[in-house]
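Okay, here's what each chain looks like letter by letter:
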Amino acid sequence: MNEDKTTGLETGRWEREAARLPRDIKPQRDLWPDIAARIDSRQPISAGRRWRVGGALAAAVALVALSSVTTLWMSQRGTEAEFSQVVPSPDSNRSDIQTADVQAAFGPDHELGPRYRLARNALTTDLDARLQALPPGTRKVVEQNLQQIRGAVTEINQALADDPGNALLQQLLMATYQDELAVLTEMNRIARSLPTRTEI
Amino acid sequence: MQMAAVVPMTGIDSDADEGVSEALLVRRARVGDLVAFEALYRLHQGRIYALCLRMSGSRDRAEDCMQEAFVQAWRRLPDFEGRSAFGTWLYRIAVNQVLTLQRKEGRSPDFLEIVDDLVAPGEDRPGSRDAGLAMDLEQAIASLPDGARNVFVLNAVHGYSHIEAAEMLGVAVGTCKAQLHRARRLLAERLDR
């Protein structure tokens, strides 16, 4: 028991009672629409902040990866012995895989649309080949970024399996697939832009 | 303070208990996913509102503070590094909003509004005790001076340690303890006599 020496009052009781008060009180009205409106009107910090503008995650991840690739490339440029072990010549005649207009879309049971799957498979195959040509450190960064996105896809899919009708989960999954595609595209672009052995 | 690791999506469209992790939602929201941010809002709105309501002493002010806190959180999300739990980070932003409001406007708590919100149907904890006692206590808390009330709400009601409360309020730990002692004494004087 805590007693105040000056007043003789037992002061701990109300503290204990306060600990039992509800810590969770719902507002009497839904404040989200106002918050969302203010967020929308303020505009995001960077372009494409909202998920609806596809590729936001890709931009962030690609920036990290691009930065890492550039840093690694610059730091290794003078070390031909190390750098020359891989990096094949980019196929200058090869046209880029056009993915910008491919939108993730669900079919029955959340199967992805055929165009999306084709683009994704092509990019993945292409990137897998190019990853082998990257320095180990760069490859690790790219793989970690993709792993993070794919981990998110797995997690959301697991949640969707338990709750297939959840609109939020569906939106999250769609956006994440779109991000994955954008990251694959960006990674391919970066990988192709790396110098070849003969250019060093 | 640990926050839930898994976020049920009950606030949006579903009553399902399963959901995605808060960490995933934070990652998504950090890169601009407004849907993920709404899910985070649904998850934390009750706690943030309770904090703002008790600290600000008015429903309108609590709503203003809460809205501003979430807008600020959205803007600052790219800087959130995950060194603390997302909920704790959000609490800090909300506390800052209330403190800013208190400095700007002073305070004129509307006890009835607070009590009205606190006894709203369905908000009681399971097994809660006498509602009259809770109402008296809420009114007494609302009547405390700002400094004592802020510390008491964070420490005694919401369970933050002296160090955490002091950090959130931008005061020394000793000040925090002194304010808590003051709050205890004032509450005892008002409720026991």
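Residues numbered from 1 in each chain as written. Chains lettered and ligands numbered in written order. Predicted model: local features only at pLDDT ≥ 70, side-chain atom pairs only at ≥ 80, totals over all residues.

Regarding its fold elements, chain B presents nine helices and two strands. From first element to last, N terminus to C terminus, chain B shows the α and β order β-β-α-α-α-α-α-α-α-α-α. By residue count, 49% of the 193 residues in chain B fall in the buried class. The long-range share in chain B, meaning contacts at least 24 apart out of those at least 6 apart in sequence, stands at 59%. (Helix = DSSP H or I, 4+ residues; strand = E, 2+ residues; numbered from the N terminus. Buried ≥ 20, exposed ≤ 12 C-beta atoms within 10 Å, placed from the backbone. Contact = placed C-beta atoms within 7 Å.)

Residue and element names in this part refer to chain B. Of all hydrophobic cores here, the largest spans 91 residues; its most connected members are Cys52, Ala94 and Phe152. Here this core gets 15 residues from one element, more than from any other, and that element is helix 2 (residues 34–56). If we ignore the near neighbours within four places in the chain, the residues touching Cys52 are Ala62, Cys65, Met66, Ala94 and Val98. (Core = buried A, V, L, I, M, F, W, Y, C linked by C-beta atoms within 7 Å.)

Chain-level pLDDT for chain A is 63 on average; 54% of the residues reach the 70-or-more range. Here residues 43–100 of chain A is a poorly scored stretch, pLDDT under 50, and it has 81 contacts once near neighbours within four places are set aside; other chains count. (pLDDT = per-residue confidence, 0-100.)

All names here are of chain B. Axis separation between helix 3 (residues 59–76) and helix 4 (residues 86–105) bottoms out at 9 Å; the angle between their running directions is 130°. Accordingly, the angle class assigned to the pair helix 3 and helix 4 is oblique. Every pair of crossing elements has a handedness; the one defined by helix 3 and helix 4 is right-handed. The residues of helix 4 that touch helix 3, namely those facing Arg61, Cys65, Met66, Glu68, Ala69, Gln72 and Ala73, are Leu90, Ile93, Ala94, Gln97, Val98 and Leu101. Along the lines of polarity and charge, the residues of the contact of helix 3 with helix 4 split into nine nonpolar, two polar and two charged. (Axes fitted to C-alpha atoms, helices over the stretch in contact; angles between N-to-C directions. Parallel < 35°, antiparallel > 145°, perpendicular 65-115°, else oblique. Left-handed = near helix turned anticlockwise from the far one by under 90°. Nonpolar A, V, L, I, M, F, W, Y, C, P; charged D, E, K, R; others polar.)

What follows is about the environment of Gln147 of chain A. Residues and elements named next belong to chain A. On the secondary structure map, Gln147 appears in helix 6 (residues 136–162). On the neighbour-count criterion, Gln147 (10 C-beta atoms within 10 Å) is exposed. Taking the C-alpha atoms as reference points, Gln147 and Glu180, 33 residues apart in sequence, are found 9.8 Å from one another.

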